[in-house]
Amino acid sequence: ATNTAMAVSRMPEQRSLLLDLDLNSGMVRFLLQLENSFSLTDAAERAMQMDESMWPQLVTQIGNLDVVHSGRLNPDKRLEGTHIRHIMDFARRAYKAVFLDLSGNLERFSVEAMHESKKIFLVVTPEVPSLHLAREKLHYLRLMDLADRVGILLNRCQKRAVVSPAQVEDLLQQPVLMTFANDYQGVHRA
């Protein structure tokens, strides 16, 4: 999510937002070395009163990308779907593209956020445990009527993979949109 948001924000007139909704192990603050003390939980607490004067305090600006990080690990913090919806409604008015980094735990607020999304990317690797977990998550997303929005991003692909992208598509019954080489030397459209 971070790399995609950064890449899109570099396109002409693409003011973008990255929201780190991974309260369990959000890495955006670390990856981007953000020092803003305000976080997503602060935004959620103020969601019902959110306005243009409050928003700049909550975001860190990196070029045309605004970022709201998840904050420090706090297992007691919970987000309500209504707060996320208010934040996303506010964000849609201000940004051309909004990216959400979710935990993968399929929390209620994450599922509600996915219902608000146009596209959902599920990142998997060709290892059996990852594919098993992806299949389980896709089953749940189908039950939630979200599967038509899901595209698979196949990470850590090797030239002579034990499991090919076509086999991943067959196993998951979902299209592989992109593959990413294990050696970081290439990105390939499936």
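This structure is a prediction, so every number in the text was calculated from the model and none was measured. The residue numbering used here restarts from 1 in each chain and proceeds along that chain's sequence as written. Where local features are concerned, this predicted model is filtered to residues with pLDDT of at least 70; where side-chain atom pairs are given and counted, the filter is 80 or more; whole-chain, interface and lining totals use all residues. Each side-chain value is worked out from all heavy atoms of the structure, with water and hydrogens disregarded.

**Things to note about the packing of helix 7 (residues 128-143) against helix 8 (residues 165-172)**
Then step 1. Helix axes use the C-alpha atoms of the stretch in contact, all axes being lines fitted to C-alpha atoms, and the angles between their N-to-C directions lie in the range 0 to 180 degrees. Put simply, DSSP marks the helices as runs of H or I at least four residues long and the strands as runs of E at least two long, and each gets a number from the N terminus on. Direction vectors running N to C along helix 7 and helix 8 enclose 40°, while the axes themselves pass 10 Å from each other. Viewed along their axes, helix 7 and helix 8 adopt a mutual orientation that is oblique. Crossing hand, helix 7 versus helix 8: right-handed. Across the interface between the two elements, Leu131, Ala134, Arg135, Leu138 and Arg142 of helix 7 pack against Val168, Leu171 and Leu172 of helix 8.
Then step 2. Three residue categories are used. Nonpolar comprises Ala, Val, Leu, Ile, Met, Phe, Trp, Tyr, Cys and Pro, charged comprises Asp, Glu, Lys and Arg, and polar comprises the others, including Gly. Looking at the contact of helix 7 with helix 8, its residues break down into 6 nonpolar, no polar and 2 charged. Oblique is the label for any angle not under 35 degrees, not over 145, and not in the 65 to 115 range, which are roughly parallel, roughly antiparallel and roughly perpendicular in turn. Put simply, a crossing is left-handed when the front helix is turned counterclockwise from the back one by less than a right angle, and right-handed when it is turned clockwise. Contacts are assigned to residue pairs that have any heavy atoms within 4.5 Å of one another.

**Observations concerning the layout of surface pockets**
Then step 1. Within this scheme a cavity is a closed region of a 1 Å grid, computed over the protein atoms alone, that accommodates a 1.4 Å probe without allowing it to escape, whereas a pocket is open but has protein on both sides within 12 Å along at least five of seven lines; lining residues each have an atom within 4 Å of a point. Grid points are joined across faces, edges and corners, and a volume is the space filled by probe spheres set on the points. The calculated volume of the largest pocket comes to roughly 2000 Å³.
Then step 2. Contributing to the lining of the largest pocket are 48 residues, with Ala1, Leu100, Asp101, Phe121 and Val123 lying nearest its centre.
Then step 3. Looking at the lining of the largest pocket, the elements with two or more residues in it are helix 1 (2-9), helix 5 (81-94), strand 4 (97-101), helix 6 (108-115), strand 5 (120-124), helix 7, strand 6 (150-157) and strand 7 (176-181).
Then step 4. Here the residues of the lining of the largest pocket sort into 26 nonpolar, 12 polar and 10 charged.

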